[in-house]
Protein chains: 2
Amino acid sequence: MRLTLIPSLGFARPPKRGQLRVLQPDCIARLGELLPSNRFYTDPVDCYAYAYDNSRKLFPPDAVIFPVTAQEVQAVVKLCNQFGVPVTPRGRGTGTSGGSLPEHGGVALSLERMLRIVVFDPANRVIVSEPGVLNQSVQDTAKPAGFFWPPDPSSAAYSSIGGNLATCAGGPHAVKYGTTRDHVLGLRAVTGAGDMIRTGCYTTKGVVGYDLTRLLVGSEGTLAVITEATLKLTPLPEAWSGLTAYFRDIKSCSAAIVQIMALPQTPSALEFLDTGSLNLIRSRFPDMVPNGAGAMLMIEVDGLERSISESRGAVLRACHNGGLIQAEATADTASLWLARKTLSPLLRGIAPKKINEDVVVPVSALPEFLDGLTQLSRKYRIANVNFGHAGNGNIHVNLLVNPDCADEMTRAEQCLNEIFDLVISLKGTLSGEHGLGSEKRAYIEKEVDPPTLALMKDIKRVFDPNNILNPGKLFP
Amino acid sequence: MRLTLIPSLGFARPPKRGQLRVLQPDCIARLGELLPSNRFYTDPVDCYAYAYDNSRKLFPPDAVIFPVTAQEVQAVVKLCNQFGVPVTPRGRGTGTSGGSLPEHGGVALSLERMLRIVVFDPANRVIVSEPGVLNQSVQDTAKPAGFFWPPDPSSAAYSSIGGNLATCAGGPHAVKYGTTRDHVLGLRAVTGAGDMIRTGCYTTKGVVGYDLTRLLVGSEGTLAVITEATLKLTPLPEAWSGLTAYFRDIKSCSAAIVQIMALPQTPSALEFLDTGSLNLIRSRFPDMVPNGAGAMLMIEVDGLERSISESRGAVLRACHNGGLIQAEATADTASLWLARKTLSPLLRGIAPKKINEDVVVPVSALPEFLDGLTQLSRKYRIANVNFGHAGNGNIHVNLLVNPDCADEMTRAEQCLNEIFDLVISLKGTLSGEHGLGSEKRAYIEKEVDPPTLALMKDIKRVFDPNNILNPGKLFP
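Everything numeric in this text was worked out from a predicted model, so none of it was measured. (Residues numbered from 1 in each chain as written. Chains lettered and ligands numbered in written order. Predicted model: local features only at pLDDT ≥ 70, side-chain atom pairs only at ≥ 80, totals over all residues. Heavy atoms only, no water.)

1. With respect to the relation of the copies chain A and chain B
Put simply, the rule is: The superposition of copies rests on a least-squares fit of C-alpha positions from residues with pLDDT of 70 or more in both. Here, residues are in contact when the closest pair of their heavy atoms is within 4.5 Å.
Of the two same-sequence chains, chain A is brought onto chain B (RMSD 0.0 Å, axial shift 0.0 Å) by a rotation of 180°. Put plainly, the chains are arranged around a two-fold axis. Interface residue correspondence from chain A to chain B reaches 100%, placing this contact among same-surface, isologous pairings.

2. A look at the sheet that holds strand β4 (residues 107–110) of chain B
Residues and elements named next belong to chain B. To be explicit about the condition: Pairing between two strands requires that DSSP report at least two bridges joining them. Only DSSP runs of H or I covering at least 4 residues are called helices, and only runs of E covering at least 2 are called strands; the numbering of each starts at the N terminus.
As summarised here, the arrangement of the four strands in space is β1-β2-β4-β3, forming an open sheet in which the pairing is mixed. Pairing within the sheet leaves two strands with one partner each, and these edge strands are β1 (40–41) and β3 (87–90). Looking at chain direction, β3 and β4 are connected through four bridges and run parallel. Paired with Thr88 across the two strands is Ala108, which belongs to β4.

3. Some remarks on the interface of chain A and chain B
Operational definition: Accessible surface is computed with a 1.4 Å probe, and the buried area is the amount of it that two parts give up when combined, taken over both parts together. A carboxyl oxygen of Asp or Glu within 4 Å of a side-chain nitrogen of Lys or Arg is what we treat as a salt bridge. Between N or O atoms, a polar contact is any pair within 3.5 Å; within protein, one atom must be a potential hydrogen donor and the other a potential acceptor, and residues adjacent in sequence are included only when both atoms are from side chains.
Of the residues lining the interface, 83 residues belong to chain A; the matching set on chain B comes to 83 residues. Carbon and sulfur atoms supply 60% of the area buried between chain A and chain B, which totals about 7,000 Å² over both sides. Taken together, chain A and chain B are joined by six salt bridges. Linking Lys205(A) and Glu433(B) is a salt bridge whose minimum nitrogen-to-oxygen distance equals 2.7 Å. Seen at the junction of chain A and chain B, the total is 28 residue pairs in polar contact (both at pLDDT 80 or more).

4. Points about the state of the cysteines
Residue and element names in this part refer to chain A. Using the following cut-off: In this description, the term disulfide denotes a pair of cysteine sulfurs within 2.5 Å. Between buried and exposed lies partly exposed: a residue is buried under 20% and exposed over 50% of the maximum accessible area for its type, with that area taken using a 1.4 Å probe on protein chains only.
All chains considered together, the criterion is met by zero disulfides over all chains. Cysteine Cys405 remains unbridged, with the sulfur of Cys415 as its closest cysteine sulfur at 14 Å. Residue Cys405 is classed as partly exposed on the basis of its relative accessible area, which comes to 28%.

5. A short note on the side chain of Asn384(A)
Residue and element names in this part refer to chain A. Tracing the chain through its elements places Asn384 in strand β17 (residues 383–389). On the accessibility criterion, Asn384 (14% relative accessible area) is buried. A distance of 3.3 Å separates a polar atom in the side chain of Asn384 from a polar atom in the side chain of Asn386.

6. Looking at the domain arrangement of chain A
Reports of interface size often rely on the accessible area that becomes lost once the parts have come together. Residue and element names in this part refer to chain A. Filter applied, for reference: How far each domain reaches was decided by an automatic or database domain assignment.
Here the domain parsing of chain A yields domain 1 (7–112 + 457–463), domain 2 (117–235) and domain 3 (238–435). For domain 1 and domain 2, the distance between their C-alpha centres works out to 23 Å. Every contact between the two is made by 19 residues of domain 1 and, on the other side, 24 residues of domain 2. Counting each side, the surface lost to burial between domain 1 and domain 2 is near 1,800 Å², with a carbon and sulfur contribution of 68%. The tally of links from domain 1 across to domain 2 stands at four residue pairs in polar contact (both at pLDDT 80 or more).

7. Let's talk about the pattern of salt bridges
Evaluated as defined, the whole model comprises 34 salt bridges over all chains. For Lys176(B), the salt bridge identified is with Asp302(B), shortest N-O distance 2.5 Å. One end of the pair, Lys176(B), is in helix α6 (residues 174–177); the other, Asp302(B), is in strand β14 (residues 295–303), and 126 residues separate them in sequence. Residue classification places Asp302(B) among the buried positions, given a relative accessible area of 8%. The network of salt bridges with shared partners includes Arg181(A), Asp211(B) and Arg214(B).

Shown next as structure tokens:
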């Protein structure tokens, strides 16, 4: 097996930091003793598929390793720790923030072949899963017993549990069911120092020692490599129902969101689409959106069969205000998501690039935030389209840009900077579910103050003293 | 102000550790500059009320300090850190594990005068609270707007939010609503190094940086002193209903628990009482418990008015098995709790001391666990009474002992040791909601393996390099 040094391929790479080293032949030889050749790639052609994720950046690793046991993960991490070689854990590469990019080369540790559902225990509402198992496979396993696992990122069909855990994935149903951190009981993981640890427990209550489980969830592979997760299942509701509501403007739509969130029946999804989104849909489906509509809500309720129509009725009443143009029940909840799911591909069609953010503001601040977005779009002459999980105040802001226009890219950067300042001024947060990765790490200091950030870095050092695990991610 | 050294009072105190020092006159003088005399006690008589908690042990502090702002907390911690003086944060002292005992003397930092509800924001379902606010005050604030804060330890009326956070308090409704960690969005806190930090966010989604919020929740005041918490509120259900079910034996009762937990309607409470508990109730209320009943469930369901009777019916059907003696709806849910609430005082009446544990086992392991308890009770001739939150598998095991009988105490210790081994062998955890404090720290190594424990200790050092915050708690 031959190592071709990646810089010869001409890809951009950030400068090496501190003690991090490229993969040298002696380390390659040792790794080769640990793994068969079909689970250890060093040919740049083979490595290429592990150079990128959905952030659309390219950083080829020097090697790709596919462990199939926790012991193999530990052996690889120990060796890389000894040689000071970066290790970037990777699920299925669906993240949008660059969290799984091997920016500093070294080893891409692909967990995609750790595919076992180790335990399915419906009596205790538990699935124990290896990290490479797809979110969808967990749902398929749980469903026949009447359960589901609530985190449902839009990538659920092809993203892995390990990736969902690393980013604390959310999705439209988080408004009622919470995010990944609310549905994990315990973990097994290998730290950057190569120690195998076991966090949390198998039961729904447990307070023995520090909560390392939730410390690892959302840590984007910078502290430890998760090798097994004990997932808490939730009973499937008996029934679902959906409705769509069109509003004259953002203001009346925002007012309805606040009203809906004050109901005792929390909707199971409450998705918002702005004027730009509706115009996009109009371009593809001319008759779908009523005239005069400037904002839309797609709402799902779930619960017992007997109460579902009452829940839908309550939500419908909460939508009634001066700005409501039209509201109606949808025949089935699958059709409810049609418009929403067409948005991302449509966006790709109208602009060469979208800068895709997932900021969060308090629900009551949505009118001010959305109004601010409109103003910033005008000020910087950057088109934007905004939609997202309104019940959590989690808005996917998409700035539409042409990466070949330097002036536009500069304006977009300034616009983004002001958007983040606006979010923070409204008591919001820069990321609701995508994570910081490499795309947003430069902004963390807007939100996290210096002593808290220093503490996070100290914790990183405790888990990963040589900074080999996904180095450079999260922190500026 | 005069310092009387505590050992002269003749109380037991564990040996001093490492760099920890008693409170010296120079430090007292400096603290006196920070606080008025009515918020800084050094007289042993005044300090006495802060020497104990509900673990019934006594460790008088050298001083008690009542800060009213985060800045005062910071100034006190900084000074004590400089002088190497232990600081034991304290809510209302209702904990049963000794977590708030000032075992090494020094300063008891009572947060009970930090009593402000800083923000009540129903539109965003948020209350921002200082740590001294009672759980009940949060409920009273939230209720008129149609919300509640789910953690409901039985001490809710007189325990503080700070204490609830420090122990990750649970309660009977955790079976449906989860525990404290599921209902906190962010914190402000002062670390053992005296740094003021801000964790988490104000919104229901947020993944920026490591999850320090949940790292602090349940850390029993060993990492930082919480000075403010952003609490996530939940809409009050429209209706409640209760039912009681009596079973011939533990086995049939356990089978019903598993059936109930498989329903799509998770009950809002599912409490279990064993034969010993029923006999205690019989001693006080002779007609309450039917003949032949060896176990009881008290079940609450909540939800929409329209569906509540259906939910109750489903639970009732799940109770039907060969061992069911009698099941009936209760007129109101308040009366449902009558029997349960009389148990603790009744227990105090029949034995000089109860060793009160809160172990958890997977729900499906309850029959085996409860059977094991019976056998261990016989083997060691230690009477026990067991009840608790069956839906979580969280059982309050009470060993009834006479502390003046050395032989009985030895047998009780051996019995407890075997109970913990049984819990671990069944994939359970040693504490579901009380925490380890000082009472259970000796057993942590049964559950947490050496590398994970080492990591926890390293994290402690990051937050509290001089080991002044609640020193000696949690760890053996």
